[in-house]
Amino acid sequence: ATSVYDAVAGVHGVNPRIEGYFELEHYLNPQTNPTGGKIPVTVPAIDTATGQRMGSFLLLLRVKTPQVQIPLGNQSRIGEPLPPASSGLLSVVGMDAITDEIGVCPYFDYDPPCTQNSVQDTSAAGIRRRQVATMGSFLTPQFLRYQADVVRNDAALELANRHDEYNKSIVSGLSSETDFDDEPNVELFKRRNPKPFRPSNSRGDALLAGIGFNVHVQSLALNILQPDQSAIPSAICHSVTHGAPADHARGFGIQGNDGSRTIEYVAEANAARGGLRRLEAKRAGIARELETYLSSLINSVGEYFKSRAQTAAVMQQAGLRPTRHVAPNISSISFYRSKTTECAQRLQALSWEIAVRRGNCFSQALGIAVTSYLTSISDGGPGWIGYANTWLRHGYLITFEGLLSAVGKELGMIEDASVAVEMLRMVHVVLVPDDGVSGAVNKNESSRRRIPVPHSPYVRWVHLAHLSKKGSGSKSMYRLEIGLNQSYYQSRVPEPLKGGAAVRFFPVLYQMGVDIRQWGVNAGRNVTSQIKERNKVGGVPSAELGDNSDAATEASSDFNGCGLIDDGDDDDEGGVADNEILMALNVEGFRKMNAYAHAVIPTTAGVTAATSPIAAFYPSEHAQLQPLPPHPILSSLSEAIKTSAGKMEHGVLDKSATACQRMGGGSTVFCKSGKDRTAMQVTFKQAQ
């Protein structure tokens, strides 16, 4: 190509743009080259300015068909068909593959659509997918290799190792006859064994990332003593406490543990930081950016072919051959293609990071929610006082009460927890009697696997299975079966929950920081607000405003690095506070709880919980266009949320828990590690 270029330049005294193309399909046929060696191919060299043939390019071409290699660890699966890409991790954790669904090739987490169906799809989305599909790959080979061989391979190995270690722990656990009472002469409150709490510094252990942190059930039963010393049960209070369902092991820095692992081919300035809520907002933003660049690219290609069409007839009349492809020197097309590729790769990398993080957080949240549900069917729980039928129709209301501050790492934990709690909506719980095949492959379905629960006198095994078709993405649904001891099932499970009855979770999150860090954030915000107000009203000089702004910043930052209540460790660095997230989460939680309240305690005459419309969890599920008015039992909660902006309004948590109890739901309390702040909140609940 260089010699032809130089020769033409020497003859004509100009630097022409020369290109050549040929049809590759012929050379893909093995019969064309049975030896597999290099084949000489003559390619016409065309002057793009005039369309005249200026010479030829001689290529030595060797075509190789890539062979699919099965990893050594999957030798047992040789011969089995590979699972569809659409049923991979993204879909398992309830995510849609944005890049693949809009036609960005190559397909990474999505099965390519059937060609025939794709052609028949005349919708705007179908036409757009076909337009994008004609433009080749938007993921570079280097990016694909890094993602497959490094990022995704490492995550797969980590998950496989975790599965093996968890399974080994379950199968070879302590004997049920082990005596834990090794300090019989020590007063109960002074005993240190067995250790009921994980240390705070174990939060970053990747092996434990799928297990809820310090999940405990606190029960308080009140009995009225009679003169004859007999007791009449009066009330019982169950409280579930735990650490935040967050991916501490991956950290809250740049796509890894505090920035130690960065996404390849993604500029640091564009990398997202924080927990799931922030990462998913970043993903949505990149997706919108990708759509914009794709539209610009499609328009640029269209304009290019329009201009070529105007000169094609003239060139044909002159006996010149017009090119049938887009030349690489069209600046607008090159620019938008480059930007589209960059966005597509950023989106793919971030989507995988989110998927792994969602999996870890969802696993923790599910264990916590199941603990609350089983507690609610225990003696004295709401399942025994008429709420089981309500759960069947409207779902099991579970309120998560967060005590984290919206600054530093705890802000990232809030962001993780908010998404993990919402993911519980994918799950239906079914209580079934144990049939004696715990831990073995089910006789009726070879793909089902039951996980045994050792040492529990009542729970024998659990099994989580897809309810929806695999590859459903955001529409994924799960069925969690809990195998119970036969006698316990018959005598202790409320009748409406027997016979395969499925109860869907209705999770709600409320969050209110209660430590000195949150106080410092609020104090700094209030000082800044006052300064802005003075500047607006009284015209404060800019110099004075600057000094006071610095003071406000110091007032806030002084408390960001210290912890009056820090769950036993002080590992939170300072950081930018999010003063709006607490209000946003509480308003969002109120909307969901308000919909549930209108469904289970209807305010319309003649309507009961059994006949009222199903409680809407997502805004799109609401039949009416106007928002529901606050339910009477939530009026005080509504007022508490309205007045909570910029201050620690504990009434939000207190009133939400009270309302949840009145509607037959269960509540959990969490902070960073599930020790100090949760202990105070439980003490407060029990005192009430």
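None of the values given here were measured: they were computed from a predicted structure. Every residue gets a number counted from 1 within its own chain, in the order that chain's sequence is written. Given that the model is predicted, a residue must reach a pLDDT of at least 70 before its local features are reported, and side-chain atom pairs must reach 80 or more before they are shown or counted; all residues, however, enter totals for whole chains, interfaces and linings. To obtain the side-chain values, all non-hydrogen atoms of the structure were included, while hydrogens and water were left out.

Caption draft 1: Region of the structure containing the overall build of the chain. A count of helical and extended segments in the chain gives 17 helices and 12 strands. When a residue's accessible area, from a 1.4 Å probe over protein chains only, is under 20% of the maximum for its type it is buried; when over 50% it is exposed; and in between it is partly exposed. Counting over 688 residues, the chain shows a buried share of 41%. Residue contacts are counted whenever heavy atoms from the two residues lie within 4.5 Å of one another. Across the chain, the fraction of contacts at a sequence separation of at least 24, relative to all contacts at a separation of at least 6, is 73%. To be clear on the numbers: accessible area is Shrake-Rupley with a 1.4 Å probe, and residue cover counts the displayed protein chains and nothing else. For the chain, the accessible area works out to roughly 35,800 Å², and carbon and sulfur atoms hold 55% of it. Secondary structure elements are defined from DSSP: runs of H or I of at least 4 residues count as helices, runs of E of at least 2 residues count as strands, and each element is numbered from the N terminus.

Caption draft 2: Representation of the sheet that holds strand E1 (residues 18-19) in the model. Strands qualify as paired when DSSP identifies two bridges or more between them. Here we have 3 strands laid out as an open sheet, ordered E1-E2-E3, and antiparallel in their pairing. Every other strand in the sheet has two partners, leaving E1 and strand E3 (53-61) as the edge strands with one partner each. When strand E2 (residues 39-47) meets E3, the two strands line up antiparallel, connected through 8 bridges. The residue of E3 that forms the bridge with Ile 39 is Leu 61.

Caption draft 3: Summary view of the sheet that holds strand E9 (residues 459-466). Pairing in this open sheet of 9 strands is mixed, and the strands run E4-E5-E12-E6-E11-E7-E10-E9-E8 from one edge to the other. A single partner strand is all that each edge strand has here, and the edge strands are strand E4 (216-225) and strand E8 (451-452). Both E4 and strand E5 (residues 231-243) contribute to a ladder of 10 bridges, which runs antiparallel. Note that in E5 the partner of Leu 220 across the bridge is Cys 237. Lines are fitted to the C-alpha atoms to define the axes, a helix being fitted only along its stretch in contact, and any angle between axes, read from their N-to-C directions, falls within 0 to 180 degrees. The strands that helix H8 (residues 331-376) touches are E4, E5, strand E6 (396-402), strand E7 (427-433), E9, strand E10 (478-484), strand E11 (502-511) and strand E12 (666-671); relative to E5, the one it contacts most, it runs at about 180°.

Caption draft 4: Looking closely at the nonpolar core. With 109 residues, the main nonpolar core has Tyr 373, Phe 505, Tyr 510, Met 593 and Met 663 as its most contacted residues. When near neighbours in sequence (up to four residues on either side) are disregarded, Met 593 contacts Leu 397, Thr 399, Val 508, Tyr 510, Leu 634, Leu 637, Ser 656, Ala 659, Cys 660 and Met 663. Remark: nonpolar core denotes a set of buried residues (Ala, Val, Leu, Ile, Met, Phe, Trp, Tyr, Cys) joined through side-chain atoms within 4.5 Å.

Caption draft 5: Spatial organisation of the environment of Arg 504. Here Arg 504 shows up in strand E11. Each C-alpha atom, one on Arg 504 and one on Leu 424, is 8.6 Å from the other, the two residues being 80 residues apart in sequence. In contact with Arg 504, other than residues within four places in its own chain, are Gly 395, Tyr 396, Arg 425, Val 427, His 428 and Met 477. Only 2.9 Å separates the side chain of Arg 504 from the backbone oxygen of Arg 425, close enough to count as a polar contact. Between N or O atoms, a polar contact is any pair within 3.5 Å; within protein, one atom must be a potential hydrogen donor and the other a potential acceptor, and residues adjacent in sequence are included only when both atoms are from side chains.

Caption draft 6: How the structure looks around the packing of helix H10 (residues 408-423) against helix H14 (residues 581-600). With their axes 12 Å apart at the nearest point, H10 and H14 run at an angle of 15° to one another. When the axes of H10 and H14 are compared, the pair comes out roughly parallel. As for how H10 packs across H14, the hand of that crossing is left-handed. From H10, Leu 411, Ile 414, Glu 415, Ser 418 and Glu 422 reach across to H14, where they touch Ile 581, Leu 582, Leu 585, Glu 588 and Lys 592. When the residues that make up the contact of H10 with H14 are grouped by side-chain class, the tally is 5 nonpolar, 1 polar and 4 charged. Each angle gets one of four labels, with under 35 degrees taken as roughly parallel, over 145 as roughly antiparallel, 65 to 115 as roughly perpendicular, and the rest as oblique. Helix crossings get a hand from a simple test, with the near helix turned counterclockwise from the far one by less than a right angle marking a left-handed crossing and a clockwise turn marking a right-handed one. Three categories are distinguished: nonpolar for Ala, Val, Leu, Ile, Met, Phe, Trp, Tyr, Cys and Pro, charged for Asp, Glu, Lys and Arg, and polar for the others, with Gly belonging to the last.

Caption draft 7: Region of interest: empty space enclosed by the protein. A cavity here means a set of 1 Å grid points, computed over protein atoms only, where a 1.4 Å probe fits but cannot escape. A pocket is an open set with protein on both sides within 12 Å along at least 5 of 7 lines, and lining residues have an atom within 4 Å of a point. Grid points are joined across faces, edges and corners, and a volume is the space filled by probe spheres set on the points. Scanning all chains against the criterion turns up 5 cavities of 30 Å³ or more. Computed from the structure, the largest cavity encloses a volume of approximately 80 Å³. As for the largest cavity, its lining consists of Ser 418, Val 421, Glu 422, Pro 507, Val 508, Leu 509, Leu 585, Glu 588, Gly 589 and Lys 592. Among the elements of the structure, H10, E11 and H14 are those that each provide at least two residues to the lining of the largest cavity. In terms of residues, the lining of the largest cavity owes the most to one element, H14, which gives 4 residues. For the lining of the largest cavity, a count of residues per class yields 5 nonpolar, 2 polar and 3 charged.

Caption draft 8: How the structure looks around the pattern of salt bridges. A carboxyl oxygen of Asp or Glu within 4 Å of a side-chain nitrogen of Lys or Arg is what we treat as a salt bridge. Applying the stated criterion to the full structure yields 23 salt bridges. Glu 588 is the salt-bridge partner of Arg 277, the closest N and O atoms lying 3.6 Å from each other. One end of the pair, Arg 277, is in helix H7 (residues 276-317); the other, Glu 588, is in helix H14, with 311 residues separating them in the sequence. The closest approach of N and O atoms between Glu 289 and Arg 346, which form a salt bridge, is 3.6 Å. Within this pair, whereas Glu 289 is found in helix H7, its partner Arg 346 is found in helix H8, the two being separated by 57 residues in sequence.

Caption draft 9: Structural view of the packing of H8 against H10. Two numbers describe how H8 lies on H10: the axes approach to 8 Å, and their chain directions differ by 65°. One way to sum up the angle between H8 and H10 is to call them roughly perpendicular. In this structure, H8 crosses over H10, and the sense of that crossing is right-handed. Taking contact as the criterion, the partners of Arg 357, Arg 358, Cys 361, Phe 362 and Ala 365 in H8 are, on H10, Asp 416, Val 419, Ala 420 and Met 423. In the contact of H8 with H10, the residues fall into 6 nonpolar, no polar and 3 charged.

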